[in-house]
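Here is what each chain is made of, one letter per residue.
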Amino acid sequence: LKDTRAMAVAGCYIASGVGVRRNVSHGIALTVSAAESGSDYACVSMGVWYLEGLCGLPEDKKEAHYWLKRATNGSCSIRHLQEKDLEKAEAALRELETIE
(Lines give C-alpha, C1' and ligand atoms only; values in the text may rest on other atoms or scores of the structure.)
Protein backbone atom coordinates (compact mmCIF):
# COMPACT_ATOMS: atom_id res chain seq x y z
CA LEU A 1 0.00 0.00 0.00
CA LYS A 2 1.24 3.46 -0.83
CA ASP A 3 -1.50 5.43 0.92
CA THR A 4 -0.45 5.90 4.56
CA ARG A 5 -4.01 6.36 5.81
CA ALA A 6 -5.13 3.15 4.11
CA MET A 7 -2.05 1.33 5.38
CA ALA A 8 -2.80 2.40 8.96
CA VAL A 9 -6.42 1.28 8.86
CA ALA A 10 -5.66 -1.93 6.98
CA GLY A 11 -2.86 -2.78 9.41
CA CYS A 12 -5.14 -2.38 12.41
CA TYR A 13 -7.91 -4.42 10.81
CA ILE A 14 -5.54 -7.20 9.73
CA ALA A 15 -3.79 -7.35 13.13
CA SER A 16 -7.14 -7.50 14.91
CA GLY A 17 -8.97 -9.69 12.39
CA VAL A 18 -11.72 -7.15 11.76
CA GLY A 19 -13.50 -8.16 8.55
CA VAL A 20 -10.49 -10.15 7.34
CA ARG A 21 -8.52 -13.20 8.35
CA ARG A 22 -6.28 -12.21 11.25
CA ASN A 23 -2.59 -11.96 10.45
CA VAL A 24 -0.93 -10.28 13.40
CA SER A 25 2.60 -10.01 12.02
CA HIS A 26 1.46 -8.53 8.70
CA GLY A 27 -0.96 -6.17 10.43
CA ILE A 28 1.68 -4.92 12.85
CA ALA A 29 4.17 -4.44 10.00
CA LEU A 30 1.66 -2.31 8.09
CA THR A 31 0.77 -0.33 11.20
CA VAL A 32 4.41 0.34 12.09
CA SER A 33 5.12 1.42 8.53
CA ALA A 34 2.15 3.82 8.60
CA ALA A 35 3.19 5.15 12.02
CA GLU A 36 6.73 5.76 10.83
CA SER A 37 5.28 7.53 7.78
CA GLY A 38 3.45 9.96 10.07
CA SER A 39 -0.02 8.52 10.70
CA ASP A 40 -1.42 9.60 14.07
CA TYR A 41 -3.99 6.79 13.85
CA ALA A 42 -1.24 4.18 13.49
CA CYS A 43 0.82 5.74 16.30
CA VAL A 44 -2.13 5.57 18.69
CA SER A 45 -2.81 1.98 17.66
CA MET A 46 0.79 1.01 18.38
CA GLY A 47 0.67 2.89 21.68
CA VAL A 48 -2.50 1.15 22.82
CA TRP A 49 -1.26 -2.26 21.72
CA TYR A 50 1.92 -1.83 23.77
CA LEU A 51 0.08 -0.29 26.70
CA GLU A 52 -2.35 -3.20 26.94
CA GLY A 53 -0.21 -6.00 25.50
CA LEU A 54 -2.48 -6.56 22.51
CA CYS A 55 -1.91 -8.18 19.11
CA GLY A 56 0.88 -10.33 20.45
CA LEU A 57 2.97 -7.38 21.60
CA PRO A 58 4.31 -7.37 25.15
CA GLU A 59 3.09 -4.83 27.65
CA ASP A 60 5.74 -2.17 27.35
CA LYS A 61 5.06 1.23 28.88
CA LYS A 62 8.18 2.78 27.34
CA GLU A 63 7.08 1.80 23.82
CA ALA A 64 3.51 2.84 24.58
CA HIS A 65 4.76 6.23 25.74
CA TYR A 66 6.88 6.66 22.59
CA TRP A 67 4.00 5.98 20.19
CA LEU A 68 1.36 7.90 22.14
CA LYS A 69 3.69 10.89 22.50
CA ARG A 70 4.32 10.88 18.76
CA ALA A 71 0.60 10.82 18.07
CA THR A 72 -0.24 13.66 20.43
CA ASN A 73 2.69 16.09 20.16
CA GLY A 74 1.97 17.26 16.62
CA SER A 75 4.84 15.40 14.99
CA CYS A 76 2.51 13.28 12.84
CA SER A 77 2.03 14.82 9.42
CA ILE A 78 -0.97 12.65 8.56
CA ARG A 79 -3.84 13.34 10.91
CA HIS A 80 -6.86 11.14 10.53
CA LEU A 81 -7.55 10.26 14.13
CA GLN A 82 -10.96 11.21 15.47
CA GLU A 83 -10.93 13.90 18.16
CA LYS A 84 -12.35 11.55 20.82
CA ASP A 85 -9.56 9.04 20.13
CA LEU A 86 -6.93 11.77 20.32
CA GLU A 87 -8.34 12.81 23.71
CA LYS A 88 -8.16 9.18 24.92
CA ALA A 89 -4.55 8.97 23.71
CA GLU A 90 -3.68 12.19 25.54
CA ALA A 91 -5.29 10.84 28.73
CA ALA A 92 -3.37 7.56 28.46
CA LEU A 93 -0.15 9.49 27.90
CA ARG A 94 -0.76 11.67 30.98
CA GLU A 95 -1.39 8.53 33.03
CA LEU A 96 1.83 6.96 31.75
CA GLU A 97 3.79 10.08 32.60
CA THR A 98 2.56 10.01 36.21
CA ILE A 99 3.79 6.43 36.53
CA GLU A 100 7.30 7.18 35.28
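Look up a bit, the structure's there.
The present account deals with the structure reproduced in this document. (Residues numbered from 1 in each chain as written. Predicted model: local features only at pLDDT ≥ 70, side-chain atom pairs only at ≥ 80, totals over all residues. Heavy atoms only, no water.)

**Examining the packing of helix 1 (residues 4–16) against helix 2 (residues 24–36)**
Closest axis-to-axis distance for the helix 1/helix 2 pair is 7 Å, and the angle between their directions is 150°. Here helix 1 is positioned roughly antiparallel relative to helix 2, judged by the angle of their axes. Considering the relative orientation of helix 1 and helix 2, their crossing is left-handed. The residues of helix 2 that touch helix 1, namely those facing Thr4, Met7, Ala8, Ala10, Gly11, Cys12, Ile14 and Ala15, are Val24, His26, Gly27, Ile28, Leu30, Thr31, Ser33 and Ala34. When the residues that make up the contact of helix 1 with helix 2 are grouped by side-chain class, the tally is ten nonpolar, six polar and no charged. (Axes fitted to C-alpha atoms, helices over the stretch in contact; angles between N-to-C directions. Helix = DSSP H or I, 4+ residues; strand = E, 2+ residues; numbered from the N terminus. Parallel < 35°, antiparallel > 145°, perpendicular 65-115°, else oblique. Left-handed = near helix turned anticlockwise from the far one by under 90°. Contact = heavy atoms within 4.5 Å. Nonpolar A, V, L, I, M, F, W, Y, C, P; charged D, E, K, R; others polar.)

**Considerations on the nonpolar core**
One finds Met46 and Trp49 to be the most contacted residues of the largest nonpolar core, which totals 28 residues. Of all elements in the fold, only helix 1, helix 2, helix 3 (40–52), helix 4 (61–72) and helix 5 (83–99) reach the threshold of two or more residues within this core. No other element matches helix 3, which puts six residues into this core. Dropping the residues within four chain positions of it, Trp49 is found in contact with Gly11, Cys12, Ala15, Ser16, Ile28, Thr31, Leu54, Cys55 and Leu57. (Core = buried A, V, L, I, M, F, W, Y, C linked by side-chain atoms within 4.5 Å. Buried < 20%, exposed > 50% of the residue type's maximum accessible area, 1.4 Å probe, protein only.)

**With respect to the layout of surface pockets**
Taken as a whole, the largest pocket holds about 240 Å³ of empty space. The set of elements that each furnish at least two residues to the lining of the largest pocket consists of helix 1 and helix 3. If one sorts the elements of the lining of the largest pocket by residue count, helix 3 sits on top with five residues. Classifying every residue of the lining of the largest pocket gives eight nonpolar, two polar and one charged. (1 Å grid on protein atoms, 1.4 Å probe; cavity = no way out; pocket = protein on both sides within 12 Å on 5 of 7 lines; lining within 4 Å. Points joined across faces, edges and corners; volume = space filled by probe spheres on them.)

**Some details on the environment of Arg22**
Relative to the helices and strands, Arg22 is located in the loop between helix 1 and helix 2. In the structure, Arg22 is positioned 52 residues away from Gly74 in sequence and 31 Å away in space, judged by C-alpha atoms. Setting aside its immediate chain neighbours within four residues, Arg22 contacts Ile14, Ala15, Ser16, Gly17 and Cys55. One polar contact links the side chain of Arg22 to the main-chain carbonyl oxygen of Ala15, over a distance of 2.8 Å. (Polar contact = N/O pair within 3.5 Å; in protein donor to acceptor, adjacent residues only side chain to side chain.)

**Some words on helix 1**
Helix length check: helix 1, at 13 residues, gives a terminal C-alpha distance of 18 Å against a target of 18 Å (1.5 Å per residue), a fit within 8%. Every buried residue of helix 1 is listed here: Thr4, Met7, Ala8, Gly11, Cys12, Ile14 and Ala15. Structurally, helix 1 contributes buried residues whose contacts are with helix 2 and helix 3. Of the residues that open helix 1, the one with a side-chain oxygen 3.0 Å from the backbone nitrogen of Arg5 is Asp3. Two residues or fewer after helix 1 comes Gly17, characterised by a positive phi angle close to 75°. (Expected span 1.5 Å × (residues − 1).)

**Focus on helix 4**
Across its twelve residues, helix 4 extends 16 Å between first and last C-alpha, which sits within 8% of the 16 Å expected from 1.5 Å per residue. Those residues of helix 4 not exposed but buried are Ala64, His65, Trp67, Leu68, Arg70 and Ala71. Directly beyond the C-terminal end of helix 4, a positive phi value near 85° is found at Gly74.

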